[in-house]
Amino acid sequence: MKIFEVNISYKVVDLLSKKLSRITCFETANELLVDTFNINNFFNSQEEYDLFKEAMSSAQNIVSEPDRTEYGDFQTNQNLAKSVTKFLKTQKKINPKLVIEPTCGKGNFIVAALSSFKEIKKIIGVEIYKPYTWETKFNIIDYYISNPSVRKPKIEIFHCNVFDFDFSSLVNESIEEVLILGNPPWITNSKLSSLQSGNLPQKSNFKKYNGFDAITGKGNFDIGEYITLMMFEAFQNTKGYLAFLLKSSVIKNIVFDQYNTKYKISKIEKFTIDSKKEFNVSVEASLFFCKLNTQPEYTCAEFDFYKPTQNTKKFGWVMDKFVSDIELYQKSSNIDGVCPFEWRQGIKHDLSSIMELERVNRHYVNGKKEEIEIEEDLVFGLLKSSDLKQTVISTPRKFTIITQKKVAQDTSYIKEKYPKTYRYLQSHKTFFDKRKSNIYKNKPNFSIFGIGDYSFLPYKVAISGLYKTFTFSLILPFENKPLMLDDTCYFLGFENIEFAAYTTILLNSDKTKKLLESITFSAAKRIITKEILMRIDLYKLATLFSISSLQSELDSINENYNLNVSAEKWDEFLKVIKPKQLVKQMEIFTHQEEGLRTTAIIRH
Ligand SMILES: C[S@@+](CC[C@H](N)C(=O)[O-])C[C@H]1O[C@@H](n2cnc3c(N)ncnc32)[C@H](O)[C@@H]1O
């Protein structure tokens, strides 16, 4: 049965009808509900009470659900909520006196807390969606009807925006153990802005990213992350615990930021749940758990929620390095440093149907299956993430039009020099103009990004940002032109094949694989990023590599791909990749040695 657009069981309707049948004043009704269920302020006004009684007498059956995307609405099912509170009680020995559910939805966590924790004195729930506040209250009553002898702590469910709720007012009440429990919304600020939703905290750039990073997505954050940090702000000096269901990527961000935020939290743990089974979504999620009011800690132990005693691994900070597997990291931490070359991301155009072409006979065909004829000069072979499977790649599957040599370059030259290409681009200009990202605003027509001198270097070493296989490919020119990568890939560019081949060999070594394994997160949208790649210290890696292993790797590449790369340039390569500081130190050292020697000679 439904009332106020929410589910209500017949037994709750029946009981409330009987109890409230003769009561006309909402305040009297509230007193009775405090006496019976200890739920405070059940009705907020006379008008609300009158509406409620009217609705009860003609309890509706089916009302269509509104679109709740902007509220990141993924209600925790009763079984999972119950397993979480049971786990907190039995495994974590938690016995809270105050339970706070900051976005309580239909109240499944509140009911689960009532059933697991027997010494709760007070429960506070906050929820923005009015029907859910009703449903929470009805569910609590339903629970009491089925369990008539249980203790009934004080309960208050606030219909309020969590960002406006003053949690600090609860701090004094929570001298005894507090449990902050729940499952905050699963939605990002950028999704909210695309929905033009105002369901955002006021400080929407709370991570303080600069304008460009904010545009390109670095400033993107989950509302659940913000709410977790709000709870830390309010309760980090209060004895107790926090247990939230969160996307695993949010947990990673919280531990990452802990280096700077230094919240007084410890015993940080994450218990991965089967989010497909529990929420029918395919994003990795976990129960995040930590103790409040302690010395700050900076690592998080990982477990499977369904086998919580088997620790899998630990991620977090090792000194000033953030790593995904602390134990594995110890085995390769010596090559975690700074790459001597700058990793670059491939071409970004956000218009694959027009800009990506296939070569059919001597023609090109675009993503709209249109056959097009254009000059060859601006057409380059293109490799995408899924193409980067082999160690050496010399032919592309697709092609692309490179309209600029560097970002924001004027594109008016195309009209005169390449009339066919211009005609093609111009006839699809509306598609270019419709590109959503702000980066294209006020830029020349047909602009692309991720382009510079480095894009035109003949030899490249590339990796996909999307896979956890960690295969680096040596990319050779095709038809005397450099091959381009798309923006899902990262690459280094080289003038000569030797340097590119040595780099490929070093990067495909076991040592590099171990480092990448221990510093990348599989829940991340981009497993490999520029930041991750910039951490591979090629020089350290090279010093661990013997010339004979280099030779045997070169032999195998030469044989398998019909190449003829020699080890002759290895010493020159080492000089180039040696950190400049180290070179300077060595020079000072040699000068000092020479100085000493000179002094020694003079003394003699
Ligand atoms: C992921 S659901 C979880 C609900 C509940 N905690 C549970 O575990 O079933 C998130 C809830 O947050 C609520 N919510 C979203 N934005 C909110 C806001 N600004 N203030 C309070 N509640 C909000 C949604 O309506 C939804 O009920």
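For the structure itself, look to the data block above.
Residues numbered from 1 in each chain as written. Predicted model: local features only at pLDDT ≥ 70, side-chain atom pairs only at ≥ 80, totals over all residues. Heavy atoms only, no water.

Chemist: Before we go on, may I ask you to explain helix H9 (residues 223-235) in this structure?
Modeler: For an α-helix the count is 3.6 residues per turn, leaving residues at separations of three or four pointing the same way. Between its first and last C-alpha atoms H9 spans 18 Å; for 13 residues at 1.5 Å apiece the expected length is 18 Å, and the two agree. The element H9 is largely enclosed, with a buried count of eleven among its 13 residues. Taken as a whole, H9 has its buried residues at Ile-223, Gly-224, Glu-225, Tyr-226, Ile-227, Thr-228, Leu-229, Met-230, Met-231, Phe-232 and Phe-235. (Helix = DSSP H or I, 4+ residues; strand = E, 2+ residues; numbered from the N terminus. Expected span 1.5 Å × (residues − 1). Buried < 20%, exposed > 50% of the residue type's maximum accessible area, 1.4 Å probe, protein only.)

Chemist: For this particular structure, what's the right way to read helix H18 (residues 510-519)?
Modeler: Inspection of H18 places Thr-512, Leu-515, Leu-516, Ser-518 and Ile-519 among the buried residues, and these make up the whole buried set. Along H18, the residues classed as buried sweep out an arc of 165 degrees about the axis, all on the same side. Summarising the contacts, the buried residues of H18 are in contact with strand S13 (321-323), helix H12 (326-330), helix H17 (497-507), helix H19 (530-534) and helix H20 (538-543). (Arc of directions from axis to C-beta. Contact = heavy atoms within 4.5 Å.)

Chemist: Looking at this structure, how should I read unusual backbone geometry?
Modeler: In most cases, non-glycine residues show a negative phi, while peptide bonds are predominantly trans. Notably, Asn-442 is not glycine yet its phi reads approximately 55 degrees, a positive angle. Among the secondary structure elements, Asn-442 is positioned in the loop between helix H16 (429-433) and strand S21 (459-464). Accessibility expressed as a relative area gives 81% for Asn-442, which makes it exposed. Phi is positive for Glu-479, which is not a glycine, with a value near 50 degrees. With respect to the helices and strands, Glu-479 occurs in the loop between strand S22 (473-475) and strand S23 (484-485).

Chemist: In this structure, what is going on with the site of the ligand? I would like to understand it.
Modeler: Around the ligand sit 24 residues, and of these Thr-76, Glu-101, Thr-103, Glu-127 and Asn-199 come closest. Interatomic distance of 2.7 Å between a backbone N/O atom of Thr-103 and a nitrogen atom of the ligand. Contacts to the ligand include Asn-161, whose side-chain N or O atom sits 2.9 Å from a nitrogen atom. The protein chains hide 100% of the 590 Å² of surface that the ligand would expose on its own. A molecule is said to occupy a pocket when more than half its atoms come within 2 Å of that pocket's grid points, and by this definition the ligand occupies the largest cavity. A per-class count over the shell around the ligand returns twelve nonpolar, eight polar and four charged. (Near = heavy atom within 4 Å. Polar contact = N/O pair within 3.5 Å; in protein donor to acceptor, adjacent residues only side chain to side chain. Areas by Shrake-Rupley, 256 points an atom, 1.4 Å probe, with all protein chains shown as cover. 1 Å grid on protein atoms, 1.4 Å probe; cavity = no way out; pocket = protein on both sides within 12 Å on 5 of 7 lines; lining within 4 Å. Sits in = over half its atoms within 2 Å of the grid points. Nonpolar A, V, L, I, M, F, W, Y, C, P; charged D, E, K, R; others polar.)

Chemist: When you look at the pattern of salt bridges in this model, what are you seeing that I'm missing?
Modeler: It is possible for side chains of opposite charge to pair when their charged atoms get near one another. Counted by the stated rule, this structure contains 23 salt bridges. Between Glu-517 and Lys-468 there is a salt bridge whose closest N-O contact spans 3.8 Å. With Glu-517 in helix H18 and Lys-468 in the loop between S21 and S22, the pair connects residues that are 49 residues apart, well separated along the chain. A relative accessible area of 28% places Lys-468 in the partly exposed class. Linked by salt bridges that have partners in common, Lys-270, Glu-284 and Glu-302 make up one network. (Salt bridge = Lys/Arg side-chain N within 4 Å of Asp/Glu carboxyl O.)

Chemist: Looking at this model, I keep getting lost on the packing of aromatic side chains. Mind explaining?
Modeler: Two measures describe an aromatic ring pair: the distance that separates the ring centres and the angle between the ring planes. Inspection of every chain in the model, using the stated rule, returns 44 aromatic pairs. With centroids separated by 4.8 Å and ring planes inclined at 65 degrees, the aromatic side chains of Phe-87 and Phe-271 adopt a geometry described as edge-to-face. Placement of the pair is Phe-87 in helix H4 (residues 78-90) and Phe-271 in strand S9 (residues 265-273), with a sequence separation of 184 residues. Accessibility classification places Phe-87 together with Phe-271 in one group, the buried group. (Phe/Tyr/Trp six-rings, centres within 6.5 Å; stacked < 30°, edge-to-face > 60°.)

Chemist: Help me out: how do you make sense of the sheet that holds strand S4 (residues 98-101) in this one?
Modeler: Strands in a sheet are paired, the pairing made by backbone hydrogen bonds, and the direction either parallel or antiparallel. Overall, mixed pairing links the eleven strands, which are arranged S3-S6-S5-S4-S7-S8-S10-S9-S11-S12-S13 in an open sheet. The open sheet has two edge strands with one neighbour each: strand S3 (39-40) and S13. Bridging between strand S8 (residues 240-247) and strand S10 (residues 285-292) involves eight bridges; their strand directions are antiparallel. Pairing of Gly-240 across the sheet is with Leu-292, part of S10. (Pairing = 2+ DSSP bridges.)

Chemist: Would you explain the packing of H17 against helix H21 (residues 547-561) in this entry?
Modeler: Each pair of packed helices can be described by the angle between their axes along with the distance between the axes. Where H17 contacts H21, the two axes come as close as 10 Å, and the packing angle between them is 110 degrees. In terms of orientation, H17 lies roughly perpendicular with respect to H21. Here H17 contributes Ala-501, Tyr-502 and Ile-505 to the contact with H21, which in turn contributes Leu-550, Glu-553, Leu-554 and Ile-557. Along the lines of polarity and charge, the residues of the contact of H17 with H21 split into six nonpolar, no polar and one charged. (Axes fitted to C-alpha atoms, helices over the stretch in contact; angles between N-to-C directions. Parallel < 35°, antiparallel > 145°, perpendicular 65-115°, else oblique.)

Chemist: I tried to follow the nonpolar core on my own but got confused; where do I start?
Modeler: Within soluble globular proteins, side chains that are nonpolar generally end up buried alongside one another. Counting residues in hydrophobic clusters, the biggest one holds 60 residues, and the most contacted among them are Leu-16, Phe-43, Phe-52, Leu-88, Phe-138, Ile-140 and Leu-181. Setting aside residues no more than four positions away along its own chain, Leu-16 makes contact with Ser-21, Leu-33, Phe-52, Met-56, Phe-138 and Ile-141. Within the second largest apolar cluster, 49 residues are counted, among which are Ala-501, Ile-536, Ala-542 and Ile-557. (Core = buried A, V, L, I, M, F, W, Y, C linked by side-chain atoms within 4.5 Å.)

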